[in-house]
Amino acid sequence: MEYSLVCHSLYAFWSSPVKKKLILLSIMFLIWVYMLYSCVGYCSTMPSLVVDSYRGKETGSAVGKRTESSRTDLVSRLLAKPQPWEDIETDYEEPSIRTAASRDLLNNELETDRADDWDEMRGDQQRAPEPSAMSSFSNGSGSKKLPQAIIIGVKKGGTRALLEFLRVHPDIRAVGAEPHFFDRNYENGLEWYRELMPKTLEGQITMEKTPSYFVTREAPARISAMSRDTKLIVVVRDPVTRAISDYTQTLSKKPDIPSFESLTFKNRTTGLIDTSWSAIQIGIYAKHLDNWLQYFPMDQILFVSGERLISDPAGELGRVQDFLGLKRIITDKHFYFNQTKGFPCLKKAEGSSKPHCLGKTKGRTHPNINPEVVQRLRDFYRPFNMKFYQMTGHNFGWD
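A brief structural summary. Predicted model only: the values in this text are computed from it and were never measured.

Comments concerning the packing of aromatic side chains
On inspection of all chains with the given rule, the structure shows 22 aromatic pairs. Between the aromatic rings of Phe181 and Tyr193, the centroid separation amounts to 4.3 Å while the plane-to-plane angle is 10 degrees, which identifies the pairing as stacked. You can see Phe181 sitting in the loop between strand 3 (172–174) and helix 9 (190–196) and its partner Tyr193 sitting in helix 9, a full 12 residues away along the chain. Side by side, Phe181 and Tyr193 carry an identical accessibility label, which is buried. Ring geometry for Phe380 versus Phe384: centroids 5.4 Å apart, planes at 55 degrees, classification tilted. Of the two residues, Phe380 and Phe384 both sit in helix 17 (residues 371–392), four residues apart, roughly one turn of that helix. Accessibility expressed as a relative area gives 30% for Phe384, which makes it partly exposed. Members of the aromatic cluster, joined through ring pairs, are Phe181, Phe182, Tyr186, Trp192, Tyr193 and Tyr213. The ring of Phe323 carries the charged tip of Lys231 above its face, separated from the ring centre by 5.4 Å.

Below is the structure:
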């Protein structure tokens, strides 16, 4: 009898047209919410300027104070106001004895790098959209991984341009600022390093760039210890032009530094080049590459031409995408040439619908250098360039 009443009640409830519509609407609403959540979760793992801009501005000290006490603490840190990251290019094997002028110049170079990085980050902050409530809701998607690919060099070669171009690719997620983990922050440990990385989904590649790695003696062994499968990218440029660009960067912030000529030579009369000056030393690519080949095979290192990155950005980006095993998504349609700056810009920057060129610290006008000094530098670099061409199997046409 009771069973019959229950069945009758259920039948009466279901047979009511109004109640039947309410049940169907409830089911449809639940399905819609689930689909919306899934879509937002996927979209949040696409390249996001907001997330990268934030992570790029965290200071090393702020990250070093993190603890793994609870998930709540992690969320609060992600939503905290970002702090500027101090990004410093360090010299390679600096001599133990320096003149007072050399020490002052080194300090000037470090201060200049800090100022340039802060200018870049301010530019990123100005063009970054405000995070929406929905994007904050979906921040939990994906996981942080150690980088599978690293842009290891070289300073003033075009590494910032390459990274900005690569971040357009939906399968690449990259840290905005330079972590300097393998040269300056290695004692903080791999978990500290991992925490700097953006979240990725399966199939996406995590990347970072720190140009000073290429000229840091310990970096190859340390990266190999992290993963022998790490893919390495080096943006190289005519070493003479690169040295002048390096000097120009310092000169823009410290106009009272010695002349390029006086810094280039140990003895102007004999024409002996001062290889202790980092602007000169970085361009001896063959010497630095020898160190890397002790830990990584040549097929795990891609050399990108800084000159072709300007004249044919899509072509060089195609090589990089092939090297990383990714579909060629970044093509000619993503670029336009800015006549004022003299290099290509993105038609649509990552995380924005507006065109984007690199900041004011890029594309500076070089000072006039005595042609005899330039020629002496070309003579100095020529045998090193020839050796580098032989090692890489590629003639970059600098001579």
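Observations concerning the sheet that holds strand 6 (residues 231–236)
Taken together, the five strands give an open sheet; going across it, the order is 3-5-2-6-9, and neighbouring strands pair in parallel fashion. The sheet terminates laterally at strand 3 and strand 9 (301–305), the two strands that pair on one side only. When the angles between neighbouring strand axes are averaged without regard to direction, this sheet yields 25 degrees. Summarising the sheet, strand 2 (residues 149–153) and strand 6 pair through four bridges and their orientation is parallel. Across the sheet, Ile151 pairs through a bridge with Ile233, a residue of strand 6. Sheet strands touched by helix 8 (residues 159–166): strand 2, strand 3, strand 5 (205–209), strand 6 and strand 9. Its angle to strand 2, the strand with the most contacts, is close to 160 degrees.

Let's talk about the side chain of Thr210
Relative to the helices and strands, Thr210 is located in the loop between strand 5 and helix 10 (219–226). Beyond its immediate chain neighbours, meaning those up to four positions away, Thr210 contacts Ile151, Ile152, Gly153, Glu178, Pro179, His180 and Asp183.

As for helix 14 (residues 285–292)
A large share of helix 14 lies buried, amounting to six of its eight residues. Those residues of helix 14 that fall on the buried side of the exposure criterion are Tyr285, Ala286, His288, Leu289, Asn291 and Trp292.

Overview of the nonpolar core
Grouped burial of nonpolar side chains is what soluble globular proteins tend to show. Among the nonpolar cores identified, the biggest contains 33 residues, and Tyr193, Ile223, Trp292 and Phe388 are the most heavily contacted of them. For this core, the secondary structure elements donating two or more residues are strand 2, helix 9, helix 10, strand 6, helix 14, strand 9 and helix 17. With four residues, helix 14 is the largest single contributor of residues to this core. When residues no more than four places from it in sequence are discounted, the contact partners of Tyr193 are Leu146, Pro147, Ile150, Pro179, Phe181, Phe182, Glu208 and Met226. If you look at the next biggest cluster of nonpolar residues, it comprises 26 residues, including Ile151, Val168, Leu317 and Ile330.

Reading the values: rules and limits
- Residues numbered from 1 in each chain as written.
- Predicted model: local features only at pLDDT ≥ 70, side-chain atom pairs only at ≥ 80, totals over all residues.
- Heavy atoms only, no water.
- Phe/Tyr/Trp six-rings, centres within 6.5 Å; stacked < 30°, edge-to-face > 60°.
- Helix = DSSP H or I, 4+ residues; strand = E, 2+ residues; numbered from the N terminus.
- Buried < 20%, exposed > 50% of the residue type's maximum accessible area, 1.4 Å probe, protein only.
- Lys NZ or Arg CZ within 6 Å of the ring centre and 35° of its normal.
- Pairing = 2+ DSSP bridges.
- Axes fitted to C-alpha atoms, helices over the stretch in contact; angles between N-to-C directions.
- Contact = heavy atoms within 4.5 Å.
- Core = buried A, V, L, I, M, F, W, Y, C linked by side-chain atoms within 4.5 Å.

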